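Results of the structural survey
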Amino acid sequence: MDLLLADLLSLLELEQFEDQLFRGQSQTIGRHIVYGGQVLGQALSAANHTVEGRKVHSLHAYFLRPGDVNAPIVYEVDLARDGRSFTNRRVVAIQHGRPIFNMTASFQLPEDGLEHQAMIPDVLGPEGLQALHDMPDEVLRELPEGMRYLTRKGPFEIRPVEPVIPLSLESSSPVRHVWFRVVDDLPDELDLHCNLLAYISDLQLLRTAILPHAIGLGDGRAQIASLDHAMWFHRPFRVDDWLLYSVESPNAAAARGFALGRFFSADGTLVASTAQEGLIRISPKKHKPRSSS
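So, how was this worked out
- Residues numbered from 1 in each chain as written.
- Predicted model: local features only at pLDDT ≥ 70, side-chain atom pairs only at ≥ 80, totals over all residues.
- Heavy atoms only, no water.
- Helix = DSSP H or I, 4+ residues; strand = E, 2+ residues; numbered from the N terminus.
- Buried < 20%, exposed > 50% of the residue type's maximum accessible area, 1.4 Å probe, protein only.
- Contact = heavy atoms within 4.5 Å.
- Areas by Shrake-Rupley, 256 points an atom, 1.4 Å probe, with all protein chains shown as cover.
- Axes fitted to C-alpha atoms, helices over the stretch in contact; angles between N-to-C directions.
- Parallel < 35°, antiparallel > 145°, perpendicular 65-115°, else oblique.
- Left-handed = near helix turned anticlockwise from the far one by under 90°.
- 1 Å grid on protein atoms, 1.4 Å probe; cavity = no way out; pocket = protein on both sides within 12 Å on 5 of 7 lines; lining within 4 Å.
- Points joined across faces, edges and corners; volume = space filled by probe spheres on them.
- Polar contact = N/O pair within 3.5 Å; in protein donor to acceptor, adjacent residues only side chain to side chain.
- Phe/Tyr/Trp six-rings, centres within 6.5 Å; stacked < 30°, edge-to-face > 60°.
- Lys NZ or Arg CZ within 6 Å of the ring centre and 35° of its normal.
- Core = buried A, V, L, I, M, F, W, Y, C linked by side-chain atoms within 4.5 Å.
- Pairing = 2+ DSSP bridges.
- Salt bridge = Lys/Arg side-chain N within 4 Å of Asp/Glu carboxyl O.

**Section: the overall build of the protein**
- Along its length, the protein carries 5 helices and 12 strands.
- The buried share among the 293 residues of the protein stands at 44%.
- Intrachain contacts of the protein at a sequence separation of at least 6 include 71% that bridge at least 24 residues.
- Working note: accessible area of the protein is about 15700 Å², and carbon and sulfur atoms make up 49% of it.

Take a look at the structure:
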């Protein structure tokens, strides 16, 4: 198996040291704080360890404090309810003695019912699209050091449909589509695929909310931080097959941005949905002082 993917799977596996207590390590993706998707994936993994015979259908989470990439995270699972059809779990992520994240997740016994779904967007397929880590040299030269992680190969192969221009100051529609899959085959464990989808779901959402406002990702004016995150798992899927992440931001106001995402398999099946609101503060442009003559 690919080494980087194996590292991610190990990150999501967790160490259990009490009945409802788990420990996860932290990993940087190029920033000094823990990537929000890591905490989502690990918290869901912790909850999954306490549930048998039922699959997650939704989760609702709040990011309370930034995570420290240099310290492990303890996940405390509360066995809130085990009903006849549904199971509920509450998870608190703790670091340095303080909660940094909390989540409620619901699990359901398999059950048949009515079905309909939204149609997959009419966009290019993944074949022929450029991978995110294959940015042109002229773009790479202009990237600030803190954004170089975008160009590194990782456990996911990511192919944006729309061109990625990190330093662009032109406004555009708050809609983005990204194809992705993990770089190697995975076991047939739906829980694992759900944990990985939670991990990747934090990748694109809030960035979409700044697209109409001519804010380049590298110009240093934008302070962006996830506040909450929700996911709904509709149908079985595999993250080692291509999935389309279709993201739109219908609103930004009061220093917060809101974004919605849908995950489609390559055959057009809607497999999951997500929503997120986050802090978006924009500092004024800094003007260089005029030189005196």
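**Quick word on the packing of helix α2 (residues 36-48) against helix α4 (residues 190-200)**
- The contact between α2 and α4 brings their axes to 7 Å, and the two run at 155°. Comparing the axis directions of α2 and α4 gives the class roughly antiparallel. As α2 packs across α4, the resulting crossing turns out to be right-handed. Across the interface between the two elements, G37, Q38, L40, G41, L44, S45 and N48 of α2 pack against D191, C194, N195, A198 and Y199 of α4.

**Considering the layout of surface pockets**
- Of the pockets and cavities examined, the second largest pocket occupies roughly 670 Å³.
- Along the wall of the second largest pocket there are 20 residues; nearest its centre are Q108, E111, F233, H234 and R235.
- Put simply, the parts of the chain that give the lining of the second largest pocket at least two residues each are β3 (55-63), α4 and β9 (222-233).
- It is β3 that contributes the most residues to the lining of the second largest pocket, 3 residues altogether.

**Some words on the side chain of Q276**
- Looking at the element boundaries, Q276 is found in strand β12 (residues 270-282).
- Here the side chain of Q276 touches D202 through a polar contact of 2.7 Å, side chain to side chain.
- At 3.4 Å, the side chain of Q276 and the side chain of S226 are in polar contact.
- When neighbours within four sequence positions are excluded, Q276 is seen to be in contact with F63, D202, L205, L206, S226, D228, H229, G257, F258 and A259.

**Digging into unusual backbone geometry**
- A positive phi angle, near 70°, is found at L14, a position not held by glycine.
- Checked against the element boundaries, L14 lands in the loop between α1 (3-13) and β1 (15-18).
- For L14, a relative accessible area of 14% corresponds to the buried category.
- Phi is positive for A255, which is not a glycine, with a value near 65°.
- Within the fold, A255 resides in the loop between β10 (243-253) and β11 (256-265).

**What to know about the packing of aromatic side chains**
- Scanning the entire structure with this criterion turns up 6 aromatic pairs.
- Through pairs of rings, three or more aromatic residues link up here, namely Y35, F156, F180, Y199, Y245 and F263.
- A cation over an aromatic ring shows up here: R23 above the ring of F17, its NZ or CZ 4.3 Å from the ring centre.

**Structural notes on the nonpolar core**
- Counting 58 residues, the largest nonpolar core has Y75, F101, F156, F180, L196, L197 and F233 as its most contacted members.
- For F180, the residues in contact, after removing those within four places along its chain, are F156, E157, I158, L197, I200, D241, W242, L243, Y245 and F263.
- L129, W179, W242 and L270 belong to the second-largest nonpolar core, a separate cluster that totals 7 residues.

**A few points about the pairing of strand β6 (residues 98-108)**
- Relative to β6, β3 is paired through 8 bridges, and the arrangement is antiparallel. Each residue of the ladder has a partner; that of K55, found in β6, is Q108.
- Both strand β5 (residues 86-95) and β6 contribute to a ladder of 10 bridges, which runs antiparallel. Residue pairing for β6: V91 is matched across the bridge by M103.

**With respect to the environment of D19**
- Among the secondary structure elements, D19 is positioned in the loop between β1 and β2 (21-24).
- With relative accessibility at 59%, the residue D19 sits in the exposed group.
- Sequence separation of D19 and E76 is 57 residues, and the distance between their C-alpha atoms is 9.4 Å.

**Here we look at the pattern of salt bridges**
- In total, this model carries 10 salt bridges according to the counting rule given.
- Its salt-bridge partner being R23, residue E15 comes within 2.9 Å of it at the nearest N-O pair.
- Assessed through its relative accessible area of 39%, E15 is described here as partly exposed.
- Accessibility expressed as a relative area gives 26% for R23, which makes it partly exposed.
- Between D188 and R238 there is a salt bridge whose closest N-O contact spans 2.5 Å.

**Some words on the sheet that holds β12**
- Spatially, β1-β2-β4-β5-β6-β3-β9-β12-β11-β10-β8-β7 is the arrangement adopted by the 12 strands of the open sheet, whose pairing is antiparallel. Unpaired on one side and paired on the other, β1 and β7 (156-160) mark the two borders of the sheet. If you compare each strand with its neighbour and ignore which way they point, the axes differ by 25° on average.
- In this sheet, β10 lies alongside strand β8 (residues 175-182) in antiparallel orientation, the contact comprising 6 bridges. Bridging from a neighbouring strand, F180 pairs with L243 of β10.
- Packing against the sheet, α2 makes contact with β2, β3, β4 (73-82), β5, β6 and β9, and its axis sits at approximately 45° to β4.

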